[in-house]
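Descriptive structure summary
Each chain is listed here by its residues.
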Amino acid sequence: MTSERDSETTFDEDSQPNDEVMPYSDDETEDELDSRQPAVGPGQNQIHRDAEESQEPLKKDCSWQVKANDECFYQQPQFKRTVFLCFKKSKYAGNAIKTYKYNPITFLPLNLFEQFKRAANFYFLVLLILQSIPQITTLSWYTTLVPLLLVLGITAVKDLVDDIARHRMDNEVNNRTCEVIRDGRFKNTKWKDIKVGDIIRLKKNTFVPADILLLSSSEPNSLCYVETAELDGETNLKFKMALEVTHRYLQEESAMADFNGLIECEEPNNRLDKFAGTLFWRNMSYSLDADKILLRGCKIRNTDFCHGVVIFAGADTKIMKNSGKTRFKRTKIDSLMNYMVYTIFVVLILLSAGLAIGHTYWEQQIGNLSWYLYDAEDFSPPYRGFLNFWGYIIVLNTMVPISLYVSVEVIRLGQSYFINWDLQMYYPEKDTAAKARTTTLNEQLGQIHYIFSDKTGTLTQNIMTFKKCCINGQRYGECRDGAGQLQSHPEQVDFSWNVYADGKFSFYDHYLIEQIKSGKEPEIQKFFFLLAICHTVMVDTSDGQLNYQAASPDEGALVTAARNFGYVFLSRTQNTITISEMGIERTYNVLAILDFNSDRKRMSVIVKESGGNIRLYCKGADTVIYERLHPRNLKREATEEALDIFANETLRTLCLCYRDISHDEFEAWNKKFAEASVATTNRDEALDKVYEEIEKNLILLGATAIEDKLQDGVPETISRLSKADIKIWVLTGDKKETAENIGFSCELLTEETTICYGEDTSALLQTRLENQKNRAGSSTHSSLRMNEPFFQGSRDRALIITGSWLNEILLEKKKKKKKLKLKFPRTAEEKKKQSEKRRRAEAYKEQQQKNFVDLACECRAVICCRVTPKQKAMVVDLVKKYKKAITLAIGDGANDVNMIKTAHIGVGISGQEGMQAVMSSDYSFGQFRYLQRLLLVHGRWSYIRMCKFLRYFFYKNFAFTLVHIWYSFFNGFSAQTAYEDWFITLYNVLYSSLPVLLVGLLDQDVSDKLSLRFPRLYVLGQKDLLFNYEKFFLSLLHGAITSLIIFFIPYGAYLKTMGQDGEAPSDYQSFAVTAASSLIFVVNFQIGLDTSYWTFVNAFSVFGSIALYFGITFDFHSAGIHVLFPSGFQFTGTAPNALRQPYLWLTMILSIAICLLPVVAWHFLSMTIWPSESDRIQKNRKKYTAEEHQWRRRPSAFRRGVSGRRSAYAFSHQRGYADLIASGRSIRKKRAPLDAVLGHSGSHGGGHGGGARETS
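Here, residues in each chain are numbered from 1, in the same order as that chain's written sequence. Given that the model is predicted, a residue must reach a pLDDT of at least 70 before its local features are reported, and side-chain atom pairs must reach 80 or more before they are shown or counted; all residues, however, enter totals for whole chains, interfaces and linings. Only heavy atoms go into the side-chain values, all of them from the structure, while hydrogens and water stay out.

Helix and strand assignments follow DSSP, with helices taken as H or I runs no shorter than four residues and strands as E runs no shorter than two, numbered in order from the N terminus. Each helix and strand in the protein was counted, giving 44 helices and 35 strands. Between two residues, a contact is recorded if the distance between any of their heavy atoms is within 4.5 Å. The contacts in the protein between residues at least 6 apart in sequence include a share of 75% that link residues at least 24 apart. Note on areas: these come from Shrake-Rupley sampling with a 1.4 Å probe, and a residue is covered only by the protein chains present in the view. Accessible area of the protein: about 54,600 Å², with a carbon and sulfur share of 56%.

Summarising the element assignment, histidine 964 is placed in helix α29 (residues 930-968). Exposure categories follow from relative accessible area, calculated using a 1.4 Å probe and restricted to protein chains: below 20% of the type maximum is buried, above 50% is exposed, and the middle band is partly exposed. Residue classification places histidine 964 among the buried positions, given a relative accessible area of 1%. Sequence-wise, histidine 964 and alanine 978 are 14 residues apart; in three dimensions their C-alpha atoms are separated by 5.4 Å. Ignoring anything within four residues of it in the chain, the contact list for histidine 964 reads Val395, Leu396, Thr977, Ala978, Tyr979 and Ile984.

Attention now goes to the sheet that holds strand β30 (residues 754-756). Think of it this way: DSSP has to see at least two bridges between two strands before they count as a pair. Pairing is mixed across the open sheet formed by 9 strands, whose spatial order is β16-β35-β34-β33-β17-β29-β32-β31-β30. A strand with exactly one partner marks an edge of an open sheet, and here the two such strands are β16 (435-436) and β30. Here strand β34 (residues 905-909) runs beside strand β35 (residues 923-925); their pairing, made up of 3 bridges, is parallel. What sits directly across from valine 907, in β35, is tyrosine 923.

By definition here, a salt bridge exists when the distance from a side-chain nitrogen of Lys or Arg to a carboxyl oxygen of Asp or Glu is within 4 Å. For the coordinates displayed, the defined rule picks out 49 salt bridges. Arginine 652 is the salt-bridge partner of aspartate 554, the closest N and O atoms lying 3.1 Å from each other. Note that aspartate 554 is positioned in helix α16 (residues 553-564) and arginine 652 in strand β27 (residues 652-661), a separation of 98 residues in sequence. Here the two residues aspartate 554 and arginine 652 agree in accessibility, since each one is buried. Each of Arg600, Arg602, Glu627, Arg628, Glu692 and Glu695 takes part in salt bridges that share partners, so that together they form one network.

Here we take up the sheet that holds strand β12 (residues 284-289). If you walk across this open sheet you meet the 4 strands as β1-β10-β11-β12, and the pairing is antiparallel. Two strands close off the open sheet at either side, each with one partner strand: β1 (64-67) and β12. Across the sheet, the axes of successive neighbouring strands diverge by a mean angle of 20°, strand direction being ignored. Between the N-to-C directions of two axes lies an angle of 0 to 180 degrees, each axis being a line fitted to C-alpha atoms and, for a helix, fitted only over the stretch in contact.

What follows is about the environment of leucine 935. Relative to the helices and strands, leucine 935 is located in helix α29. Overall, leucine 935 belongs to the buried group, its relative accessible area being 0%. In sequence terms leucine 935 and alanine 724 are 211 residues apart; their C-alpha atoms lie 9.8 Å from each other. If near-sequence neighbours (up to four positions away) are discounted, leucine 935 is found in contact with Leu445, Ile448, Ile451, Leu721, Ile726, Leu888, Arg940 and Tyr1018.

We now examine the packing of aromatic side chains. When two rings of Phe, Tyr or Trp (its six-membered ring) have centres within 6.5 Å they constitute a pair, described as stacked for plane angles under 30 degrees, edge-to-face for angles over 60, and tilted for the intermediate range. For the structure on display, the rule yields 79 aromatic pairs. Between tryptophan 982 and phenylalanine 1129, the ring centres sit 5.3 Å apart and the planes meet at 5°, which makes this aromatic pair stacked. Of this pair, tryptophan 982 sits in helix α30 (residues 981-991) while phenylalanine 1129 is found in the loop between α37 (1119-1124) and α38 (1134-1138), placing the two residues 147 residues apart along the sequence. With a relative accessible area of 19%, tryptophan 982 lands in the buried category. Where phenylalanine 1047 meets phenylalanine 1048, the ring centres are 4.8 Å apart and the plane angle is 90°; that geometry is what we call edge-to-face. In this structure phenylalanine 1047 comes out as buried when scored by relative accessible area, which is 1%. One aromatic cluster in this structure is built from Phe960, Tyr979, Phe983, Tyr987, Tyr991, Phe1081, Phe1085, Phe1103, Tyr1109, Phe1110 and Trp1145. Criterion for a charge above a ring: Lys NZ or Arg CZ within 6 Å of the ring centre, and within 35 degrees of the ring normal. The side chain of arginine 563 reaches across the aromatic face of tyrosine 548, ending 5.4 Å from its centre. Lying across the ring of phenylalanine 790, arginine 768 places its NZ or CZ 3.9 Å from the centre.

With that settled, consider the pairing of strand β10 (residues 262-265). The alternating pattern of β10 places Leu262 and Glu264 and Ile263 and Cys265 on opposite faces, both of which are buried. Pairing geometry for β1 and β10, over 4 bridges, is antiparallel. Each residue of the ladder has a partner; that of valine 66, found in β10, is isoleucine 263. Pairing analysis gives 4 bridges linking β10 to strand β11 (residues 276-281), with the strands arranged antiparallel. Across the sheet, leucine 262 pairs through a bridge with phenylalanine 280, a residue of β11.

As used here, the term nonpolar core means buried Ala, Val, Leu, Ile, Met, Phe, Trp, Tyr and Cys residues forming a set that is joined through side-chain atoms within 4.5 Å. With 105 residues, the main nonpolar core has Phe949, Leu950, Tyr979, Phe983 and Leu1079 as its most contacted residues. Of all the elements, α29 adds the most residues to this core, at 18 residues. If you look at the next biggest cluster of nonpolar residues, it comprises 60 residues, including Ile524, Val559, Phe565 and Leu701.

Here aspartate 854 lies in helix α25 (residues 828-858). Judged by its relative accessible area of 18%, aspartate 854 falls in the buried class. Here the side chain of aspartate 854 touches lysine 883 through a polar contact of 3.3 Å, side chain to side chain. Not counting residues up to four positions away in its chain, the partners in contact with aspartate 854 are Phe790 and Lys883. Pairs of N or O atoms are called polar contacts if they sit within 3.5 Å, as long as, within protein, a hydrogen donor faces a hydrogen acceptor (for residues adjacent in sequence, only side-chain-to-side-chain pairs).

Okay, the packing of helix α19 (residues 663-677) against helix α20 (residues 683-694) next. Packing of α19 against α20 leaves a shortest axis separation of 9 Å and a crossing angle of 170°. It follows that α19 is roughly antiparallel to α20 by the angle criterion. Every residue of α20 that contacts α19 at Glu665, Trp669, Lys672, Phe673, Ala676 and Ser677 is listed here: Arg683, Ala686, Leu687, Val690, Tyr691, Glu693 and Ile694. What sets the label is the angle itself: under 35 degrees gives roughly parallel, over 145 gives roughly antiparallel, 65 to 115 gives roughly perpendicular, and the rest give oblique.

Predictor confidence is given residue by residue as pLDDT, running from a minimum of 0 to a maximum of 100. Here the protein averages 82 in pLDDT, while 86% of its residues score no lower than 70. Counted against residues more than four places away or in other chains, residues 1-14, with its pLDDT under 50, gives 33 contacts. Long-range and interchain partners of residues 1188-1203, a stretch whose pLDDT sits below 50, account for 24 contacts in this model, where long-range means more than four residues apart.

This part covers the state of the cysteines. When two cysteine sulfur atoms lie within 2.5 Å, the pair is treated as a disulfide. For the structure on display, the rule yields 0 disulfides. Not engaged in a disulfide, the cysteine cysteine 655 finds its nearest cysteine sulfur in cysteine 657; these two sulfurs lie 7.4 Å apart. Residue classification places cysteine 655 among the buried positions, given a relative accessible area of 0%.

This brings us to the pairing of strand β29 (residues 727-731). Here β29 lies mainly inside the structure; 4 of its 5 residues are buried. Taken together, the 4 bridges between strand β17 (residues 450-453) and β29 define a ladder with parallel strand orientation. When the bridges of β29 are listed, tyrosine 450 appears paired with lysine 727. Where β29 meets strand β32 (residues 861-865), 4 bridges bridge the pair, whose relative direction is parallel. The residue of β32 that forms the bridge with isoleucine 728 is alanine 861.

Where helix α21 (residues 714-723) is concerned, the buried positions are Val714, Pro715, Thr717, Ile718, Arg720 and Leu721. Here the buried face of α21 lies against β17, β28 (699-710), β29, α22 (736-745), α29 and α32 (1008-1013). Aspartate 725 occupies a position one or two residues after α21 and carries a positive phi of about 65°.

With that settled, consider unusual backbone geometry. Peptide bonds are, in most cases, trans, and in most cases residues other than glycine have a negative phi. In the Ramachandran plot, aspartate 183 falls in the positive-phi region, its phi being about 55° despite a non-glycine side chain. Examined against the element boundaries, aspartate 183 turns out to sit in the loop between β4 (177-182) and β5 (185-190). Phi angles above zero are rare outside glycine, and aspartate 1024 is one such case at about 55°. Take aspartate 1024: it is sitting in the loop between α33 (1019-1022) and α34 (1029-1054).

Time to look at the side chain of serine 580. Topologically, serine 580 is positioned in strand β23 (residues 576-581). Here serine 580 is in contact with Tyr500, Gly566, Tyr567, Val568, Leu570 and Glu585, once residues within four sequence places are set aside.

To continue, consider the UniProt feature "active site" (unreviewed entry) in the protein. UniProt positions are given in the numbering used here, feature names are shortened, and annotations may be inferred rather than shown by experiment. UniProt's feature table lists "active site" (unreviewed entry) at Asp454, given in the numbering used throughout. Assignment of secondary structure puts aspartate 454 in the loop between β17 and β18 (460-471). The exposure class assigned to aspartate 454 is buried, which follows from its relative accessible area of 2%. With sequence-adjacent residues up to four places away left out, aspartate 454 is seen in contact with Leu459, Leu731, Thr732, Lys872, Ile890, Gly891, Asp892, Asp896 and Met899. Within the local environment of aspartate 454, its side chain forms a polar contact with the side chain of threonine 458, the two groups lying 3.4 Å apart.

In C-alpha cells, the structure reads:
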C-alpha cells in the first residue's frame, strides 16, 4: 500500500502531475523513495528475517541510530561531528529550543558589533577618533560622543527588551515537564533535559515534546489519537498505532526500563507525512512508518496515557526542520535611507575636498603673507589643506545626523505600541490583543503589494456546520414554520424533544422537523439514517455525553446533524453499528466498509438490516454519484437544481444514495472483495475495481449542504484590500475543490472570474518559452517585446494550481538518480561542455520561473492547493525575487512558519491552533479581518509619518550644516564653525527634535474610518511616492536655499551697522547667535506647516523647543557658567547683549519671512490647483463623517442552472478510519496472545472486509 501512495508523490518526466497529493518530493529523489520501501507483506507488523540479514538493505538510507535507555551508545566516536578545529560535538541535538540571540556574556560585544555594522554608527565612531586628534579637531569631542552614546544606549535597551521576551518564551517551552525513565523509574523531567533514546510517558491533553516512536498506550491495540492543529491547522483527530510487539510487551514500567531496542531510520528531515525505519529487538526486525511516529507539537487527545522512545529532539524534529531560516528583515525605507546616507557621505567628502583645496589656495595667496595670522606652526599650505580636509569632515558631520537613527527607532517603537493598544484589533472571544512582535517593520505595512494567506484557520474557522439539504427533490433549510410557510424573523428550532441533541446545533426550518416527527416521509427517514450509518466516525462517551472523532470535520458535521435530527450514532464494534432512530435503539450488521480515497471521492457501507435484506448506502461528490445512478431516477433534475443553488451559496455539497443488493449478488461480490483485500501487489487498485462493481444503479435520496464557516468579515476585508490594489494569493495544503470553494465564499472568485488551472498554465508557459527561444535566436532586440501579457483583454482571471503542477512548471522535480558510474570528465572540453549544459539548464529554469510569476501576477487572485510548507515559502520567494514587490504572509499553523519567515512581513493568527506561527511572526492578532486595519490604517499612517519625518529631518540638517560652507568663503576656508559648539551639540538633540518626533508618531492625513472607507489612499505607499531619491534631493535643495537665507541676510544686515549704544553688533559671536536663532524659528515653524493633525502636544512642542533654545542659550552665555568652566563656555554675555538690539530681531523676522512665505504659497497653490486624494477627502471630511456609511456584502449574482461549479465535500486528505474499524483494532477487547496475532497477520489485508467475512 505504501509503495503506490509514495510513488504518486514523485513523477516521471512524462507523467501528469497528480492534483490530490502533497508533493513532498521537493526534498527527496525517486531513488530514495524506491530504496526505502521495506520488503514487507500486507500484514500490519510483518517480521523480517534475522536482524543481520534485514539490516543490510536499509544501511544505505537509514544512518540515524537510536538505542533506547542507553546514554553511552551516543558517546561513540562515529556519532560525533567536528564543530571547530578539534572540538567535537554529538550529532544528536538536545531537546532545548533556542530562539534568542544573546546571553549575559555575549550581549555587549555582539550588540555593539551589530550596531557598528550600520554605516552611520561606524562613521560616527571614526569621527570621534578624529575629533580626539588635536591637529585636526575643529569641534569638541563631546559634540559626537553624547549623541553616539545616546543612540547606542537606546538601541541596546530595545534589543535587550526584545531578547528578554524571547528568553521568556523559550524558557516557558523548555521548562514544561513530562515523565521520563530515569534510574528505572518514571520521573518528572523538564523538556530541555530530554535526550534521544529516552522513554517518555505522555498524558491526555499534553503536547508531544519531541518526535517519538509510539510504543504503547492505554487504548486498545495501543492506538493513540493526536490533534495536529499546531502542525497543519487541522483540528480533526488523526490516529497513530504502535507495533503489536511493543504494545504486547511494553505496558509495565519495569518493561520500559529494560527495553533496549535499536532503531535505524532516516536522518532528520522536513517531511511531515513520511518516515521510514526499522526497529531491531530480540533478534527480530520490524518495519516502522509515519503511522507509528508522534511529532513534536501534536497534542494527545482521547488517550489517557501513552509511551514512546525519543527519535529526534530539539532542532532535529520535523516541526523545527519545517520552520525555515530566520531571516533578518529590513524595510524598503531602511535600505533607501542607507543609500541616502552613502550619498551624503560622498557629497560630504567632495565638499570637504573642495574646501580643503580652497584653503590650500588661500594659504598660498593670503595666509602666508599675513604676519598677524602666524600660529607658530611652519606647515606648508598643502599640508594645512590636508589637515583642513579632516577638519571639514568633522564640521560638516551633521549632514549625516546621528540622531536620525535613534529618532527612527523611537517612532517605530511608538507605532508598535499604538498597534498593541488598538482596541479595534482586540478579539474578546479568545482574549487576544494585536501584538507588534517586532518594532522595525511598521512603515513597510503601508507598502504591501501581495498578501499570501493560508486557508484553514486563517480565512476559515475550521468549523463545519450543516446548513441545508435536499431530500427527494424538496429543499430544506430556509426559515420556515411548521406548516412550511416562510418566516420573516428566523426562529431557532427547539431540539429539547431529543435527549441526544448536542445543544450547539442551530437550524431554522421547523417544517423539516415536523416531517421527521410525523414519520410520513420514508425518504426523509432513509436520508438521516444514511447520515447516521455511512461514515467512519469513532465515538466515545464521557460524563454521559457522546463525543465524535471524525477523520474530517465535514464527516463530523454530518453525523452531528443526524444526531440532532433524531438519528443518533451510538456505538460500533468491528462488524456492527448501533443507532438510535427517533428514540428506538437498533443494531445493524456492517458487512463491508468501502472507504473514501481521493480518486473515488465517495464512500459506502453495506449493511444487513433486521429483516435480512442487504442494502448499500453511499455518499460522495455529485460528479461521481451522478455517473453511477440508476437511469430511472425521478428526482435527478430537482436535486441537480438544488445542488446549483447550494453551490451558488458557496456551500459544500454531497449526494446521498442507496441500492438494495440480493444475497446471491453479495455472495459473489464478497468473494472478489476478500481476494482483493489480501492481494500482495496493487491492493488499492484491486479494491477500487471491486468497489466499482457494487456501486452502480444507485437510487438518489438527496444532497447535503455544509458551510465551511469563514471567519467574520473575511469577504469585506478581501474586497477592501483588493480596492487598495493589494493582490491576495491563497496557499493551502487543502484539496483543490475545497480551496476553490473557499475562494468563492470569500469573494476572491466570482461567477464572472475565468479560472486557469495547472494544465492551462503549463501550456501557456510552454508556448511562451518556445517563442522566447525562437526570438532569442533570431534577433537581439526582440527580447524587448517579450513583456507582452499572457492574456488578451481585461477579463477577471484567477489561477488555481496544485503543488504537483507547481513542481512540474517551476522545474523543481528531482530527477531519478543514475546508478553511480565512475566516469569523470577527462578533458577540459568535456568539463566546459558540462558546465555550459548546467548553465543553460539554470537559465532555462530561471526563465520559466520568471514567466510563471509574470503569468500569475496578471491574475486577480491565485490559489495554490496541496502545497507543502517548503513550496509555500518558494512561491513567496519567487514573487519577491522577480517582482521586487513587498510581500506579507499570514497563517496560523506550523506549516505556515516557513512562508511567514520568507515574506517581508509575517503575520500570525493566534487562536484555534498552537503558537508556532505566532512565535515566528512579526505581527499577530486573533482574526483575519484585523488585517485591513493593520494595513490600511496603521500601515498607511506609519508610512506617511515616516516619510514626512525623513524628508523634514534631512531638510533641517542641510539647512543647519550648509551655513558652515557659506561662512567658509569669508574665513579663508579655515574650518571655523558658524555657530557655537554647544549649539551644534544640542541642535539635533533638544532644539529641533521633539516637534518632528511627534509628527512621526501622531500625524494623520485622514482619520482611521476614512482610511478604511477609501482604500485607494493606500496606493501612495505601494508606489513609493512619499519618499524616494527625488524627494530626498528636493529636501536637500530646500535645505540649501534655507541655509543661504539664514547666512546671507544677517551677513548683509551686519555689513555696515551701528547698534543703539554706538557699538557695532557685527562681531562673530553676535552673528552666530543671530543665525542660530533664525534657524531655530524657521525649522520649528516649517514642521508646523507640515503638520496635518494638530494637537495640543504638537503646538506645545513647537513653541516649547523655541523657548528651550532661548533658555539654554541665555544660561550658557551667562558669566556664572563661564567662571566654572572657562574653556567650555566662551560666548560669555553674547546672547543677552545681541538679543536686546531691535535691529537683530528685525533681521531675524526678515530671514524667517523669506524662508517660510514661499512654502505657505506653495502649500496653498498645491491644495487649490493640484489637490491629492487625501486633500480632497480632508476637505469633505465633515460630509463623510455625517453620512454613516454601512459596508454591505455584495449580493451573489445567482443565475439558475448556469453555474457549472460545485464545491466538493472535503473528506479527509488521507483514508478514513474504515481500515481501523473493520479490522477491529480500535475496539476494546481482551488481548490475543502475540503468536495468534502474528500468525494471521498476513491474512487480514488492509482490514477492509473484517465484518464481511464474519457475517452472512
